[in-house]
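Coordinate analysis (summary)
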Amino acid sequence: MDSKKFKELLSSVESLTPTQSKRLRETLTQGQGAGSSLAVIEAAKPPACAFCVSERVVRNGRRRGLQRWLCRECGKTSNATTGTPLSRLRDKELFAAYADCMRQGMTIRATARELGMTIDKAFRWRHRFLENAVDHQPSSVSGLLEVDETYFRRSQKGSRKMARAPRRRGGGQGGGGGRSNDEWVPVLVGRVRGQPFTTDRVLGRVSGVEISKALAPVVKNTDTVVCTDGHSAYERLGERLGVTTKHFVASYHGHVREGGFHVQNVNNYHGRLQGWILYRLRGVATKYLPNYLAWMRLTSWKHQGIHADEIVASAMGRQAINL
Ligand SMILES: [Zn+2]
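Reference entry: report on the structure contained in this document. (Residues numbered from 1 in each chain as written. Predicted model: local features only at pLDDT ≥ 70, side-chain atom pairs only at ≥ 80, totals over all residues. Heavy atoms only, no water.)

1. Examining the coordination of the zinc ion
For a metal with four tetrahedral donors the ideal donor-metal-donor angle is 109.5 degrees, while six octahedral donors give ideal angles of 90 or 180 degrees. We count it as follows: Listed donors are limited to N, O and S atoms within 2.8 Å of the metal, widened to 3.2 Å for Na, K and Ca; water is not among them, so incomplete-looking sites are possible. All geometry calls rest on donor angles, where a four-donor set with angles between 85 and 135 degrees is tetrahedral, four- and six-donor sets with opposite donors more than 155 degrees apart and all others between 65 and 115 are square planar and octahedral, and all else is irregular. We count a stretch as a helix when DSSP gives it H or I for four or more residues in a row; a strand needs E for two or more, and each element gets its number in order from the N terminus. Three labels apply to residues, based on accessible area from a 1.4 Å probe with only protein chains included: buried if under 20% of the type maximum, exposed if over 50%, partly exposed otherwise in between.
Taken together, the protein ligands of the zinc ion are Cys49 (SG), Cys52 (SG), Cys71 (SG) and Cys74 (SG), with distances of 2.3 to 2.4 Å. With four donor atoms in place around the zinc ion and angles of 100 to 121 degrees between them, the coordination shape is tetrahedral. Ordering the donors of the zinc ion by residue number gives the pattern C-x2-C-x18-C-x2-C. Taken together, the residues Cys49 in the loop between helix 3 (34–44) and strand 1 (57–63) and Cys74 in the loop between strand 2 (66–71) and strand 3 (77–78) connect sequence positions 25 residues apart. Classification of Cys49 as buried rests on a relative accessible area of 4%.

2. Here we look at the environment of Arg88
By the element assignment, Arg88 lies in the loop between strand 3 and helix 4 (95–103). In this structure, the C-alpha to C-alpha distance between Arg88 and Arg128, residues 40 residues apart in sequence, is 10.0 Å.

3. Considering the nonpolar core
Put simply, the rule reads: Take the buried Ala, Val, Leu, Ile, Met, Phe, Trp, Tyr and Cys residues and link them wherever side-chain atoms come within 4.5 Å; each set so joined is a nonpolar core. Residue ranges for the domains trace back to a domain assignment, done automatically or taken from a database. Contacts: residue pairs with any heavy atoms within 4.5 Å of one another.
Phe129, Ile211 and Leu215 are the most contacted members of the largest nonpolar core, which has 80 residues in total. For this core, the two domains that each supply at least three residues are domain 1 (15–134) and domain 2 (137–157 + 181–301). When sequence neighbours within four positions are dropped, the list of residues in contact with Phe129 reads Leu86, Leu89, Phe95, Tyr98, Ala99, Met102, Ile311, Val312 and Ala315.

4. Description of the packing of helix 4 against helix 5 (residues 108–115)
To be explicit about the condition: Here the axes come from fitting lines to C-alpha atoms, over the contacting stretch only for helices, and the angles between their N-to-C directions go from 0 to 180 degrees. Here a crossing is called left-handed whenever its near helix is offset anticlockwise from the far helix by less than a right angle, and right-handed whenever the offset is clockwise. Gly falls in the polar group here, along with every residue not listed as nonpolar (Ala, Val, Leu, Ile, Met, Phe, Trp, Tyr, Cys, Pro) or charged (Asp, Glu, Lys, Arg).
It is at 10 Å that the axes of helix 4 and helix 5 come closest, and there the two elements cross at 145 degrees. Judged by the twist between their axes, the crossing of helix 4 over helix 5 is right-handed. On helix 5, the residues touching Ala97, Tyr98 and Cys101 of helix 4 are Thr111, Glu114 and Leu115. Residues belonging to the contact of helix 4 with helix 5 are distributed by class as follows: four nonpolar, one polar and one charged.

5. Concerning the sheet that holds strand 5 (residues 184–192)
The following threshold applies: The pairing criterion is simple: DSSP has to find at least two bridges between the two strands.
Taking strand neighbours across the sheet as the criterion, the five strands line up as 6-5-4-7-8 in an open arrangement whose pairing is mixed. Looking at strand neighbours, the two that pair on one side only are strand 6 (198–202) and strand 8 (244–247), the edges of this open sheet. Averaged over all pairs of adjacent strands, the angle between strand axes in this sheet comes to 25 degrees, irrespective of strand direction. Taken together, the four bridges between strand 7 (residues 225–228) and strand 8 define a ladder with parallel strand orientation. Looking at strand 8, one finds that Val226 is bridged to Thr245. In the packing of helix 10 (residues 289–299) onto the sheet, contacts are made with strand 4 (144–153), strand 5 and strand 6, and the angle to strand 6 comes to roughly 170 degrees.

6. A look at empty space enclosed by the protein
Where empty space is left can be seen by rolling a probe of water-molecule size over the atoms. Worth spelling out the cut-off: Put plainly, a pocket is an open set of points on a 1 Å grid over the protein atoms alone with protein on both sides within 12 Å along at least five of seven lines, a cavity is a set where a 1.4 Å probe fits but cannot get out, and a lining residue has an atom within 4 Å of a point. Grid points are joined across faces, edges and corners, and a volume is the space filled by probe spheres set on the points.
Here the structure, examined in full by the defined rule, presents one cavity of 30 Å³ or more. Considering only enclosed or pocket space, the largest cavity measures out at about 30 Å³ in volume. Every residue along the wall of the largest cavity is listed here: Tyr98, Cys101, Met102, Met106, Thr107, Ile108, Thr111, Arg126 and Trp295. Among the secondary structure elements, those contributing two or more residues to the lining of the largest cavity are helix 4 and helix 5. No other element matches the three residues that helix 4 contributes to the lining of the largest cavity. Taken together, the residues of the lining of the largest cavity break down into six nonpolar, two polar and one charged.

Purely geometric numbers; function is a separate question.
What follows is the structure, encoded as structure tokens:
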């Protein structure tokens, strides 16, 4: 850039809004700008045809900043996002910045404000970004797997047609006492002691069959020990999965923990998940619950959490967690 243009650039910096100047700062320091966002997308997928998976592809110009590949096998053109949930989203140069908002667990409203996009768009992007991550579960774990269930109130949040009258404000937890399936959705979470692996599943109901079905792909090593509380649904779990199980009895004074068998890591995770969903996001629609579980799994991967680039890659189908 010549010095005259650079002077103009510098003087225009003064008229930036606070959000704009924040984004400029990020572009300069963390490489979260447009170019880097497109580079992140390209890096997430090695050059190959999105239709026939052939690697015999040649460069075929750029479209909206992304490299287009022409397939020598089938003659079709594609780019890195073709065939992924992100393909039809516009403004791909914002992907990295959007993923960074997700990394921080931000609300739709805050994200829309931060990136200067509509609330509808921020919402649509959220679920496109999470679609693939739902299946990014651990494939086989070893060690001590803590398993326990938690419950979310059934919700039609965001739906324009409510099947029932809106709930009164403040009518939250408690009251009624029971956990009827009409009102509460059970979520199973498993965490491996001392390792970063997390598995989760929205259950139809809390039954031995459903629980063993959810855990079968995760528990393949016969030396894995599955630790649960005394709920009757876990009774025959060991038999069904072909592993050792440890059931402990919960007492009024807290959990009885003989020989270090407890589900405290899972229960802490439940607490953070509930707190984030109920208080920060103000509840989520039940139909999207699997996406939010995936989001929580992404942001709690290892102690340092996940990088925004990895969220983009995972949205494009590359498993970035539970590996
Ligand atoms: Zn092809």
